[in-house]
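One letter stands for each residue in the lines below.
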There are 4 protein chains.
Amino acid sequence: MLKFSCDYMEGAHPEILSRLSSINFDKNDGYGLDEYCESARENLRKLCCNDHAEVHFLVGGTQTNTVVLDSILRFNEGVLAASTGHINVHEAGAIEAAGHKVIPLKASNGKVDIAAMERLLHLLKTECDVVGWEHYVAPRVLYISFPTEYGSLYTLADLKQLRSICDEYGLYLYADGARLGYGLSSPGCDVTLPELARLCDVFYLGGTKVGALFGEAVVVSNPELTIPRGLIKQRGAMLAKGWLLGVQFDTLLASTTGRFEDTLYYRIARNAVDRALHLCAEMVAKGYEKYIDSPTNQQFFIADNAILPELSQKVAFDSFSAYDETHTVIRFCTSWATTAAQIDALLSLL
Amino acid sequence: MLKFSCDYMEGAHPEILSRLSSINFDKNDGYGLDEYCESARENLRKLCCNDHAEVHFLVGGTQTNTVVLDSILRFNEGVLAASTGHINVHEAGAIEAAGHKVIPLKASNGKVDIAAMERLLHLLKTECDVVGWEHYVAPRVLYISFPTEYGSLYTLADLKQLRSICDEYGLYLYADGARLGYGLSSPGCDVTLPELARLCDVFYLGGTKVGALFGEAVVVSNPELTIPRGLIKQRGAMLAKGWLLGVQFDTLLASTTGRFEDTLYYRIARNAVDRALHLCAEMVAKGYEKYIDSPTNQQFFIADNAILPELSQKVAFDSFSAYDETHTVIRFCTSWATTAAQIDALLSLL
Amino acid sequence: MLKFSCDYMEGAHPEILSRLSSINFDKNDGYGLDEYCESARENLRKLCCNDHAEVHFLVGGTQTNTVVLDSILRFNEGVLAASTGHINVHEAGAIEAAGHKVIPLKASNGKVDIAAMERLLHLLKTECDVVGWEHYVAPRVLYISFPTEYGSLYTLADLKQLRSICDEYGLYLYADGARLGYGLSSPGCDVTLPELARLCDVFYLGGTKVGALFGEAVVVSNPELTIPRGLIKQRGAMLAKGWLLGVQFDTLLASTTGRFEDTLYYRIARNAVDRALHLCAEMVAKGYEKYIDSPTNQQFFIADNAILPELSQKVAFDSFSAYDETHTVIRFCTSWATTAAQIDALLSLL
Amino acid sequence: MLKFSCDYMEGAHPEILSRLSSINFDKNDGYGLDEYCESARENLRKLCCNDHAEVHFLVGGTQTNTVVLDSILRFNEGVLAASTGHINVHEAGAIEAAGHKVIPLKASNGKVDIAAMERLLHLLKTECDVVGWEHYVAPRVLYISFPTEYGSLYTLADLKQLRSICDEYGLYLYADGARLGYGLSSPGCDVTLPELARLCDVFYLGGTKVGALFGEAVVVSNPELTIPRGLIKQRGAMLAKGWLLGVQFDTLLASTTGRFEDTLYYRIARNAVDRALHLCAEMVAKGYEKYIDSPTNQQFFIADNAILPELSQKVAFDSFSAYDETHTVIRFCTSWATTAAQIDALLSLL
């Protein structure tokens, strides 16, 4: 059966497997203190144009969001997020389990409604500067996902505006980049990796969904922040064989030119986006109605419920949400490994 | 200066002070294991018409909400609450600090929008019964405040409907009764204490705002639930001299007739409500516009911002929220100790 | 029946009750922002000879220990304590529930074995400076109780040595003063309140066991530390009617001379100590064997198990621990309220 | 340089890498719901002779210990462990960060001192059955490591005795099997996998140190216990590409005969043990003094500090602890991948 239900169904790019095999019997130091991690960190710093960024490699997305936010938030501080944001709806309450409130913001197509956020911050500040913050959860971090859970992207102008609001209200800006490659490599993206690194205090570049077996690379751009290794260990997030992460990211992020566009990571991410955009164009041509305009590897359509049973027999996709009584929003995901033949096969049966 | 800013500005009903004085040099057992606590527990069980209810006396409201919810919620379970509910906005993230997500619900005048809640529960169940609950926070408790933070009250029909939805979706119903007396003694209330105790799995009857120096009485009606004393101790919520709580609630809740209406608690709460309703009627007569129709001890008005500076010189009130660019919602609270003279003084300067 | 089982069986010093009554119908601001709290804070700063100390009034001891330690400890940091320390054995795991490890130290009569502590710190540092602290819990606070749970006292020389070790290893020193009055007022104590305040980074002066209805006064001497009010609120430790604490401590700690020895707190504490030492001397004269040499209000004796059933009929005491197969260590506590007549009655039946 | 510092320096057994490569472009379901996980679970149940055991695959040891203990412990319950146990000293306070106290027990060569444990349990029960458990941490789980951190093993008689004590005091028995293969395959072990599975309520079989890239297989033998998937997700411990774990354990634990001794896991673990015992015998013959008698893959010697600088130039080993002023306990670890040639090379330079 054809499968387009998500972007973490395949293993890893063959170069990674091959490299892991070639060093399989070498003896490496544990816990991320090996040469591969160091090289990968250096690669990432260069790609971000930030020589002093702190870089950590963790295993998965929920773990990463929890560790990052737990390293920043204290006492009655909380994190703002789009109501549809991953930390608010799909992480089983991991942030709250670490003791921190997620304050949901009005969202549109996965993106934070910036005006609504500003109103909330203004209102809270007006009130709490008078009565004191001690009874409230004080917003201290703004969490965004890039791309969002709806495949959408913040523009450079959006990010600058968010940065400016964060500065005004004393917030840190954190970008969840589980699918970062699928965002940055999109023709619809006007943000570069160094710009993202500069505008965010912390972000992560996801490997699990973009060519690695697993792994997320956290970049702490802001030198005021740090993620203590003791926290990582305490949260069970420090991989004993840390070099497995190092090798993967070192392979994905090597670039002889120093340009992000020349990394394996970018190239394979771009493949997914190209396949997705081709799929979308053809489906629209066939009369399918787009739910939103996604420039990345996730494509959403409004499907008549009547066609779903048969379609489900032939292809796995994600039933994203109910659209109305008789229609459902369905999602097709491509990945770094998706082939032209797979897209053609899908199109031929739609 | 006149003060109507909240309902916890005075000490305790004189009968309580007098009784505390009279036993001051007696030697009592600690931690709530004394005769006064036992008698107060017995009083409360009788008033609730539930001989087997578990009763605990805690010190304050945030503490009580945290202990109660922490005793029920496990793993990725969360608590539903009106977005304006106390646990969602005024407790500094205490529930999240205990590891649990507060899931905000659309609210109207402090009350949960029941239809919106039902839609959310239905949607979640539909989705998670397919994909599994493990990525989601599963609603397990519905938190309501009675009266709400807006002074409003759920009707008996409301409570029955909420109970029925809770049963359908496997939720416990918990009522925060920080101002319970001001609700149950209101002429606008069609719910009795035994009905509340029967319809809720857990609730608390607040002392801090209704005649006690401090203290909240938690009633666990549902025999499937229990609040372990070890949890109370661990949370720093077990008062060494627990009899201080026992004496207060024993005094407030004694009733020779067995009727709640004959308790000191009810009578002094009723005083506050009567004063508030009188104040409201007179203010409306003077042309003030009510913000909402509150049948309890909190009264809300829409005030022109122009009058606020002068008014603030003469009387303390609560600037509840901005109404529009030129108006503010202001709140006047009465308490069990408010006198007719104080209301008259306030009315004379409005 | 005579009762000497603990020191929190009576209410409060009558001056406190009287003052609470006299202001009962005044309207006070909540949450510790009232004039009584401010006055009490000022009194305490003066008595400590530290004009800039941060002072908070909390309700109980376990709550206080949790809030203080939670305000200091981060990530994989822990608190050292005598294995017999209150936080290690009698607080239901409250510190761990807040996420922090209590690292037990060898203890003698309730006091930390200083040499053993120094060895542990040296060993840990030697190891972790090489392999990194990230796999370990790094000691960050030394918790002591003053007096200890065994009634014993650290000498001034002890405290200076502990301070010096703390400085060498980067630890904060925190003293749990649940019974501070019974320590500082003891003829066996060579430490003054200002010395304690100077040598500790944080300590608390207990009210619950020394003349108050309830309440503990936390003094943060070290200006690098702070206990955010948002944390206090979040932990359910912010009393709505904070002035109840203010009035109590203001009464206990007023001193026209500025000397601690002239406060009500000191005087009533001294009463308990005098009674206890008298009791001890007489019991030894009667042939009872002291378990340890306690200069404070708790007195421990080695009792033949054969006498316990009858003794228990006449007087309540604490069976502290088994001594051997046939003997038990029993504890008699006096309090600020203990009278000479009560001691005489006890002695007459021993 | 020769490296014997730990047992997680190499990658994975080549069969695992080969199998991962062969399915690399297959599209698998996520989160452990794939066929490989299911097959591996079935294998493990058979090897344990427990058809109904619940099996979960997690990523690392600290994570596993935290998730397992958090699934069992509630409120003021804690876990007993040897003072030298991994959860007490090498996990950065992970258990406490999840809210639970680790109660250290006297230990000998890594094993719990059973008599001391029984005394503690008896003492606690005697005391708390009188005064109530609410002020104490109630032991609810006994954590053991098998083999221990010192390479030692509990005998079958030990385990039966521990089981019996656990039953008497209402404790669950949990075995940390990070190096389980190196224990069960030792000629010095008289415990079989089914016996371990029967005597423990929960245990895990470690992959990270025994032939896998990473991964630990948790077996919940006791049907009263369960580890909810929502907890696993919430703790960031649910691997998106769960089949990576499934494939690894399915490969390691396949057995055509159904005998554990015929699994790849057993065979490669046995290699490490044989190499280690050979190394030990030869070193003793060369005059090195054993620190303890370890029948598993970790071997400990008492080395004169004078030889360490030169030795460290040629071989990496672990400086386990100071022995006395002039000697150090050093540890050599073999692994599933250690070759005879490596041992010979080591022996030739000692």
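Given the structure is predicted, the values throughout are model-derived calculations rather than measurements. (Residues numbered from 1 in each chain as written. Chains lettered and ligands numbered in written order. Predicted model: local features only at pLDDT ≥ 70, side-chain atom pairs only at ≥ 80, totals over all residues.)

## A closer look at the overall build of chain A
For the record, the criterion: Runs of H or I in DSSP of at least four residues are treated as helices and runs of E of at least two as strands, each being numbered from the N terminus. C-alpha atoms define the radius of gyration in this analysis, and the globule rule sets the expected value at 2.2 Å times the number of residues to the power 0.38. As a rule, residues whose C-beta atom has 12 or fewer other C-beta atoms within 10 Å are exposed, those with 20 or more are buried, and those in between are partly exposed; C-beta atoms are placed from the backbone. Throughout, a pair of residues is in contact if the C-beta atoms placed from their backbones lie within 7 Å.
Across its full length, chain A holds 14 helices and 15 strands. Its C-alpha atoms give chain A a radius of gyration of 21 Å, near enough to 20 Å, the size a compact globule of 350 residues would have. In terms of principal-axis extent, the alpha carbons of chain A reach across some 60 × 55 × 35 Å. In chain A, buried positions account for 59% of the 350 residues. Of the contacts made within chain A by residues no fewer than 6 positions apart, 73% connect residues no fewer than 24 positions apart.

## Things to note about the domain arrangement of chain A
Residues and elements named next belong to chain A. The condition that has to hold: In this entry, domain limits derive from an automatic or database-based domain assignment. Charged means Asp, Glu, Lys or Arg here, nonpolar means Ala, Val, Leu, Ile, Met, Phe, Trp, Tyr, Cys or Pro, and polar covers whatever is left, Gly included.
Domains assigned within chain A are domain 1 (2-7 + 265-345) and domain 2 (14-261). Distance between the C-alpha centres of domain 1 and domain 2: 26 Å. The partner domain 2 presents 22 residues to the 17 residues of domain 1 that form the contact. Here the residues of the side of domain 1 that touches domain 2 are counted per class, giving 10 nonpolar, five polar and two charged.

## Quick notes on the interface of chain B and chain D
Contact with chain B, which involves 12 residues of that partner, is made by 12 residues of chain D. Residues that form the side of chain B that touches chain D fall into these classes: four nonpolar, five polar and three charged.

## Notes on the sheet that holds strand β3 (residues 77-82) of chain A
Residue and element names in this part refer to chain A. In plain terms, the rule: At least two DSSP bridges between two strands are needed for those strands to be called paired. Note on definitions: angles span 0 to 180 degrees between N-to-C directions of axes, and those axes are lines fitted to C-alpha atoms, for helices only across the stretch in contact.
Across the sheet, seven strands lie side by side as β2-β10-β9-β8-β7-β3-β4; this open sheet has mixed pairing. The outermost strands of the open sheet, each flanked by one partner alone, are β2 (54-58) and β4 (102-105). When the angles between neighbouring strand axes are averaged without regard to direction, this sheet yields 25°. Strand direction decides the pairing type here: β3 and β4, joined by four bridges, are parallel. In the strand pairing of β4, V79 is matched with V102.

## So, the packing of helix α2 (residues 35-48) of chain C against helix α11 (residues 243-253) of chain C
Residue and element names in this part refer to chain C. Definition in use: Here a crossing is called left-handed whenever its near helix is offset anticlockwise from the far helix by less than a right angle, and right-handed whenever the offset is clockwise.
Packing of α2 against α11 leaves a shortest axis separation of 7 Å and a crossing angle of 40°. Crossing angle aside, the handedness with which α2 passes α11 is left-handed. Residue-level contacts link Y36, C37, S39, A40, N43, L44 and L47 of α2 to W243, L245, G246, V247, F249, D250 and L253 of α11. Residues that form the contact of α2 with α11 fall into these classes: 10 nonpolar, three polar and one charged.

## Digging into the relation of the copies chain B and chain C
For these two chain copies, the linking operation is a rotation about an axis paired with a shift along it. This is how the line gets drawn: In this comparison the copies share one frame, found by least squares on the C-alpha atoms of residues holding pLDDT of at least 70 in both.
With an RMSD of 0.0 Å, chain B superimposes on chain C once it is rotated by 180° and translated 0.0 Å along the axis. Put plainly, the chains are arranged around a two-fold axis. Looking at the interface residues of chain B, 100% of them are also at the interface in chain C, so both copies use one shared face.

## Quick word on the nonpolar core
Our working definition: Residues of type Ala, Val, Leu, Ile, Met, Phe, Trp, Tyr and Cys that are buried and joined through C-beta atoms within 7 Å form what is called a nonpolar core.
Membership of the largest hydrophobic core comes to 470 residues, with the highest contact counts inside it found for V219 of chain A, V219 of chain B, V219 of chain C together with V219 of chain D. Every residue in contact with V219 of chain D, bar those within four places of it in the chain, is listed here: L44, C48, A53, V55, A197, V202, F203, Y204 and L205 of chain D.

## Side note on unusual backbone geometry
In this structure, the amide linkage connecting F146 of chain B to the following residue, P147 of chain B, adopts the cis form with an omega of -5°. Assignment of secondary structure puts P147 of chain B in the loop between β7 (138-145) and α7 (156-169). At F75 of chain A, a position not held by glycine, the phi torsion is positive, near 50°. With respect to the helices and strands, the residue F75 of chain A is situated in the loop between α3 (61-72) and β3. Residue F75 of chain A is classed as buried on the basis of its 25 C-beta neighbours within 10 Å. One non-glycine residue, N109 of chain D, lies in positive phi territory at about 50°. Structurally, N109 of chain D can be placed in the loop between β5 (107-108) and β6 (111-112).

## Regarding the relation of the copies chain B and chain D
Of the two same-sequence chains, chain B is brought onto chain D (RMSD 0.0 Å, axial shift 0.0 Å) by a rotation of 180°. Both copies contact each other with a shared surface, as 100% of the interface residues of chain B are interface residues in chain D too.

## What about the interface of chain B and chain C?
Frequently, the measure chosen for interface size is the accessible area that the parts lose on association. With 39 residues of chain B in contact, the opposing surface of chain C contributes 39 residues. Here the residues of the side of chain B that touches chain C sort into 19 nonpolar, 14 polar and six charged.

## Re the pairing of β2 of chain A
Residues and elements named next belong to chain A. Counting buried positions over the five residues of β2 gives four, a clear majority of the element. Inspection of the sheet shows β2 paired to strand β10 (residues 216-220) by five bridges, in the antiparallel sense. Residue pairing in the sheet places F57 in a bridge with A217 of β10.

## Points about the sheet that holds strand β2 (residues 54-58) of chain D
All names here are of chain D. Taking strand neighbours across the sheet as the criterion, the seven strands line up as β2-β10-β9-β8-β7-β3-β4 in an open arrangement whose pairing is mixed. Each edge of the open sheet carries a strand with a single partner, namely β2 and β4 (102-105). Averaged over all adjacent pairs, the angle separating strand axes in this sheet is 25°, with direction ignored. When strand β8 (residues 172-176) meets strand β9 (residues 202-206), the two strands line up parallel, connected through two bridges. Bridge pairing links Y174 to V202 in β9. Across the sheet, helix α3 (residues 61-72) touches β2, β3 (77-82), β7 (138-145), β8, β9 and β10 (216-220), and the angle it forms with β10 is around 20°.

## Structural notes on the pairing of strand β7 (residues 138-145) of chain C
The two faces of the sheet receive side chains in turn, since in a regular strand these alternate between them. All names here are of chain C. By the criterion of burial, β7 is predominantly enclosed, with eight of the eight residues buried. Note that strand β3 (residues 77-82) and β7 share five bridges and pair parallel. Bridge pairing in β7 links V79 to V141. Sheet topology note: the β7/strand β8 (residues 172-176) ladder contains five bridges and is parallel. When the sheet's bridge partners are listed, S145 is paired in β8 with D176.

## Let's talk about the packing of helix α1 (residues 14-22) of chain A against helix α11 (residues 243-253) of chain A
Residues and elements named next belong to chain A. Our working rule: Throughout this description, any angle smaller than 35 degrees is read as roughly parallel, any larger than 145 degrees as roughly antiparallel, any in the 65 to 115 degree range as roughly perpendicular, and the remainder as oblique.
The geometry of α1 relative to α11 is characterised by a closest axis approach of 9 Å and an angle of 135° between their N-to-C directions. By the criterion of interaxial angle, the relationship of α1 to α11 is oblique. The two elements α1 and α11 meet at a crossing, and its hand is right-handed. In contact with E15, I16, R19 and L20 of α1, α11 contributes V247, Q248 and T251. Grouping the amino acids of the contact of α1 with α11 by side-chain chemistry returns three nonpolar, two polar and two charged.

## A short note on α2 of chain C
The periodicity of an α-helix, 3.6 residues per turn, causes residues three or four positions apart to be oriented the same way. All names here are of chain C. Where we set the bar: Multiplying one less than the number of residues by 1.5 Å gives the expected span of a helix. For this quantity, the arc is that covered by the directions from the helix axis to the C-beta atoms.
For α2, which comprises 14 residues, the first-to-last C-alpha distance of 20 Å matches the rise-based estimate of 20 Å (1.5 Å per residue) to within 8%. Those residues of α2 not exposed but buried are Y36, C37, A40, R41, N43, L44, L47 and C48. End-on view of α2: buried residues confined to an arc of 160°, all on one side of the axis. In the core, the buried residues of α2 are packed alongside β2 (54-58), α9 (193-199), β10 (216-220) and α11.

## Section: the confidence of the model for chain A
As a reminder, the rule being used: pLDDT expresses how confident the predictor is about each individual residue, on a scale running from 0 to 100.
Averaged over every residue, the pLDDT of chain A is 97; residues scoring 70 or more account for 100%. This complex was scored by the predictor with a pTM of 0.98 and an ipTM of 0.97.

## Here's the deal with the environment of A322 of chain D
Mapped onto the elements of the fold, A322 of chain D is located in strand β14 (residues 318-324). With 14 C-beta atoms counted inside 10 Å, the residue A322 of chain D sits in the partly exposed group.

## Observations concerning the environment of F260 of chain A
All names here are of chain A. Structurally, F260 is set in the loop between α11 and α12 (264-285). The class for F260 is buried, based on 22 C-beta atoms found within 10 Å. When the C-alpha positions of F260 and L184 are compared, they lie 9.5 Å apart, and in sequence the two are 76 residues distant. With near-sequence residues (within four places) excluded, F260 lies in contact with L47, L193, S255 and Y266.

## Comments concerning the environment of S321 of chain C
Here S321 of chain C is to be found in strand β14 (residues 318-324). A count of 14 C-beta atoms within 10 Å places S321 of chain C in the partly exposed class.

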